[in-house]
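Chain by chain, the residues:
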Amino acid sequence: MSETATGAEATGTTAAGNNSFVVVANRLPVDMILEPDGTKSWQESPGGLVSALSPVLEKHQGCWVGWPGVADEAPEPFRTERGVLLHPVELTHYDYEEFYEGFSNATLWPLYHNLIVTPEFNRSWWDAYRDVNLRFATEVATVAAPNATVWVQDYQLQLVPGILRQIRPDLTIGFFLHIPFPPSEIYRQLPWRDEILRGLLDADLIGFHLEANVRNFVELCRAYDLEVSGEIKIREAGITITAANGHEIGVGVFPISIDTSAIAATLAANSHHEAHEELEQIHRDMGSPSTVFLGVDRLDYTKGILQRLLAFEELLDSGALDPSEVALVQLATPSRERIDSYRITRSKVEEAVGRINGRFAQIGRPVVHYQHRSVTKDVLLRYYRLADIMLVTPFRDGMNLVAKEFVATRADSSGALVLSEFAGAADELDQAHLCNPFDIEDIKKAMLQATWGLDDNPEAMKERMSAMYNQVIEHDVDLWANSFLGALDKSRP
Ligand code: ADQ
C-alpha cells in the first residue's frame, strides 16, 4: 500500500507537549514497509488492537505513540489524512529480539494465555522490557500537554504507567489489557511480578475485557495485602484498589468491540449488483460448495487453527461432511514468525492443509483454501459475507474481534457462528454454537450442529444470529472507548 492509500503523509509536525489525548501502544496503526531499493511506504498493521483503536483516535484527533514496525527506523512524526498524529518510537534490532519477541511474546503472551506453551523467563529480556518501557514513557512525556489524558495499551507496556507517574504526575493515566489476565497462581510464576504489578498500579484506571479477568486481578491484589473495595461493574470502575503508596486505582470491565458503522457503510457501498456478482463468482470458482466454513486469524498458537482443521478432516473422513459439498477457507495473517512456537504452529497448520487437500480435494477443487497473508478490510468483509459458518476456536483469547466482525455482517440473520467458550467474545455471544477447543469431538459437534441447523431449523438459526447481531450493534467500539474514557475522566483528582 502506498503512503496516500493509507492516508499517511509526512508533515514534519513538531509534537512536543501540546497533545491533550495520547494513546501509547507497542505498534503504530501503520507499519513502515522498506523496499529493497530503499523506498518507504506504509500499510495498516495487523491485529485487534489497531482495528479497535484506529476509529477512536480518529474521532478524538489524538496522538498515537508507537513503534513503526521496522527496527532501527525512527521517521519524523506525521499526521494521517484522518487527523491522527503518529509519533514513532525507535526500536533497535536488539530491542525487537529481546523486548518484543522475547519478553513480550515468549514470556508474557504465553503466561497470560494460561500457559498454552511454556513461557521462558530470561533476565536479559526483562532488562530490555524495562528499557523499552522507559523509552515509550519518555516519548509520551514529551508529547503530552499539561494535565493530558494518556491511554496506555496492553501487555508490552505495563511499566509505562509507573514511569509516567514519576516523570509526569500531572497526567491522567488509563491502562487497558487486550489479552486475558491470568489466575493469580499463574501470574505469580513471573520472576518480575512485583515490578509489573507496581507499574500497573500507578494508573488511575485499569480496564479488562471480562469479569473473570478482573476477578483474577483482584485476587492477585489481595494476595499482596492491598485494600480492595467496591464490586465488579460493566463499563464502570466498580472496584477501587489502594496501592501501598496510598494511590487509588479504579478497575472495571470494558468489553472491547468493533466499528459497526464502518462495516455497515462498507457493506452498503458493496450492495450493488456487480459486488454480488463478484461474490457469486468467487463461490463458483470454489466449485459452488453448499457450505463454506471460514477461519480468520493471526497465525498464533492461541487461536486453535490446527484443531479446527483436524475436526474438519475427521468430519470428511467419517463421511459426516461430503468433500464435494463443503469447503473451508482459512485466512491466516503472518505473525511473530521468528519465534519457535509460531514456526512450529505454522508448519503443523500447513502440513494439515496439504494433507487434507491431498486426501479429499479434486483437481481444481480444493476442500481447504488457505492464504497465509493479510487482506484488506474490504476483501475480509467479502469473505465474511461468503461464509455460511464462521469458525472461531481459540484455546484462549482476550475477546476476539473476528467473531464480532462476522456477526456484524449478518443484518439478514443468515449464517452461523461456531465459537470457543474460551474466547472472551463467548460472554456476549452466547447464542453461538459454543465448543471446547481442547476437545476435537466437541468442535466437530458444534460444526455439525451449525451445518444441520442451517438446513433443518432455519428459523431457530436466524433467531440466534439476530440476537448476536443486536448485541454487537448495540455494543460497538464507541461504547467501549467512551465508557473507558468517561470512567477515566471521573478518576481525575
Ligand atoms: P488479536 O489476537 O489480533 O487481538 P482479534 O481480536 O481477533 O485478535 O483481532 C484480529 C484483527 O485482525 C481483526 O480485526 C481481524 O479482522 C484482523 N485480521 C485477522 N486476520 C486477518 C487477515 N488475514 N487479513 C486482514 N485482517 C485480518 C488482540 C487480542 C484479542 C482482542 C484484541 C482487541 O488477542 O483477544 O480481541 O486484541 O482487544
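Residues numbered from 1 in each chain as written. Predicted model: local features only at pLDDT ≥ 70, side-chain atom pairs only at ≥ 80, totals over all residues. Heavy atoms only, no water.

1. Section: helix 2 (residues 48–60)
- In this model helix 2 runs 19 Å from its N-terminal to its C-terminal C-alpha over 13 residues, within 8% of the 18 Å that 1.5 Å per residue would give.
- When the local axis directions of helix 2 are compared, the greatest deviation, roughly 30°, occurs at Ser54, which is followed within four positions by the proline Pro55.
- Buried residues of helix 2: Leu49, Val50, Ala52, Leu53, Ser54, Pro55, Val56 and Leu57, and no others.
- On the buried face of helix 2, the contacting elements are strand 2 (19–27), strand 4 (40–44), strand 5 (63–67), strand 8 (144–153), helix 14 (401–408) and helix 17 (477–490).
- With its phi angle positive at about 50°, Gln61 sits one or two positions after the end of helix 2. (Helix = DSSP H or I, 4+ residues; strand = E, 2+ residues; numbered from the N terminus. Expected span 1.5 Å × (residues − 1). Bend = angle between axes of the 7 residues up to and from the residue. Buried < 20%, exposed > 50% of the residue type's maximum accessible area, 1.4 Å probe, protein only. Contact = heavy atoms within 4.5 Å.)

2. What to know about the site of the ligand
- Residues in contact with the ligand amount to 27 residues; listed here are only the nearest, Ser51, His178, Asp397, Met399 and Glu405.
- Between the ligand and Lys377 there is a distance of 3.4 Å, counted from an oxygen atom to a side-chain nitrogen or oxygen.
- Between an oxygen atom of the ligand and a main-chain N or O atom of Met399, the distance comes to 2.8 Å.
- Looking at the shell around the ligand, the elements with two or more residues in it are helix 2, strand 14 (291–298), strand 15 (326–333), helix 13 (377–386) and helix 14. (Near = heavy atom within 4 Å. Polar contact = N/O pair within 3.5 Å; in protein donor to acceptor, adjacent residues only side chain to side chain.)

3. What about the sheet that holds strand 17 (residues 389–392)?
- Reading across from one edge, 16-15-14-17-18-19 is the order of the 6 strands in this open sheet, with parallel pairing throughout. Each edge of the sheet is formed by a strand with only one pairing partner; in this case those strands are strand 16 (368–371) and strand 19 (433–435). The average angle at which neighbouring strand axes cross in this sheet is 15°, direction not considered.
- In the sheet, strand 15 pairs with strand 16 via 4 bridges, with the strands oriented parallel. Pairing of Leu328 across the sheet is with Val368, part of strand 16.
- Helix-sheet contacts for helix 14 involve strand 14, strand 17 and strand 18 (416–420), and the interaxial angle to strand 18 is about 170°. (Pairing = 2+ DSSP bridges. Axes fitted to C-alpha atoms, helices over the stretch in contact; angles between N-to-C directions.)

4. Details of the nonpolar core
- By size, the foremost hydrophobic cluster in this structure holds 70 residues, and its most contacted members are Phe136, Ile196 and Phe217.
- Sort the elements by how many residues they give to this core and helix 4 (residues 123–143) lands first, with 10 residues.
- Each of two domains, domain 1 (2–256 + 478–490) and domain 2 (260–474), supplies a minimum of three residues to this core.
- Residues in contact with Phe136, not counting those within four places in the same chain, are Val24, Ala25, Asn26, Val65, Gly66, Trp67, Val89, Leu91, Leu157 and Val160.
- Ala25, Val56, Phe78 and Ala487 belong to the second-largest nonpolar core, a separate cluster that totals 66 residues. (Core = buried A, V, L, I, M, F, W, Y, C linked by side-chain atoms within 4.5 Å. Domains from an automatic or database assignment.)

5. Topic: the side chain of Asn133
- Topologically, Asn133 is positioned in helix 4.
- Within the local environment of Asn133, its side chain forms a polar contact with the backbone oxygen of Tyr129, the two atoms lying 2.9 Å apart.

6. Looking at the pairing of strand 9 (residues 172–176)
- With 5 of 5 residues buried, strand 9 lies mostly within the body of the structure.
- Every second residue of strand 9 is oriented toward a common face, with Thr172, Gly174 and Phe176 on one face and Ile173 and Phe175 on the other, all of them buried.
- In the sheet, strand 8 pairs with strand 9 via 5 bridges, with the strands oriented parallel. Its bridge partner being in strand 9, Thr149 is matched across the sheet by Thr172.
- As a crossover connection, the stretch from strand 8 through helix 5 (residues 160–167) into strand 9 is right-handed.
- Sheet topology places strand 9 next to strand 10 (residues 205–208); 3 bridges connect them, and they run parallel. If you follow Phe175 over to strand 10, its bridge partner there is Ile206. (Right-handed = clockwise from strand over helix to strand, strands pointing away.)

7. With respect to the pattern of salt bridges
- Following the criterion strictly, the structure yields 31 salt bridges and no others.
- A salt bridge links Asp204 to Arg165; the shortest N-O distance between them is 2.9 Å. Of this pair, Asp204 sits in the loop between helix 7 (193–200) and strand 10 while Arg165 is found in helix 5, placing the two residues 39 residues apart along the sequence. In terms of burial, Asp204 and Arg165 fall into one category: buried.
- The residue Asp300 makes a salt bridge to Arg336 at a minimum N-O spacing of 3.4 Å. (Salt bridge = Lys/Arg side-chain N within 4 Å of Asp/Glu carboxyl O.)

8. Looking at helix 8 (residues 211–223)
- With 13 residues, helix 8 ought to run about 18 Å at 1.5 Å a step, and its terminal C-alpha atoms sit 18 Å apart, in line with that.
- Buried positions along helix 8 lie against helix 6 (184–187), helix 7, strand 10, strand 11 (227–230), strand 12 (239–242) and strand 13 (248–253).

9. Let's talk about unusual backbone geometry
- Of note, Asp154 is a non-glycine position whose phi angle comes to about 75°, a positive value.
- Structurally, the position occupied by Asp154 is in the loop between strand 8 and helix 5.
- Of note in the backbone geometry, Asn400 takes a positive phi value of approximately 95° without being a glycine.
- Position of Asn400 relative to the elements: it lies in the loop between strand 17 and helix 14.

10. A word on the environment of Thr451
- Among the structural elements, Thr451 can be located in helix 15 (residues 440–456).
- Spatially, the C-alpha atom of Thr451 lies 20 Å from that of Pro394, the residues being 57 residues apart in sequence.
- Residue contacts for Thr451: discarding those within four places in its chain leaves Thr291, Phe293, Leu321 and Ile389.

11. Points about the domain arrangement of the chain
- By the assigned domains, the chain splits into domain 1 (2–256 + 478–490) and domain 2 (260–474).
- Each of domain 1 and domain 2 has a C-alpha centre, and the two are 30 Å apart.
- Taking both partners together, domain 1 and domain 2 bury about 2,000 Å²; carbon and sulfur atoms supply 62% of that area.
- Viewed at the interface, domain 2 and domain 1 are joined by 2 salt bridges.
- The shortest N-O distance in the salt bridge between Glu101 and Arg338 comes to 2.8 Å.
- Run the count over domain 1 and domain 2 and you get 8 residue pairs in polar contact (both at pLDDT 80 or more).
- Every element with two or more residues in the side of domain 1 that touches domain 2 is listed here: helix 2 and helix 3 (93–112).
- Here the side of domain 1 that touches domain 2 takes 7 residues from helix 3, the largest share from any one element.
- For the side of domain 1 that touches domain 2, the class distribution of residues is 15 nonpolar, 8 polar and 4 charged. (Buried area = accessible area lost by both parts, 1.4 Å probe. Nonpolar A, V, L, I, M, F, W, Y, C, P; charged D, E, K, R; others polar.)

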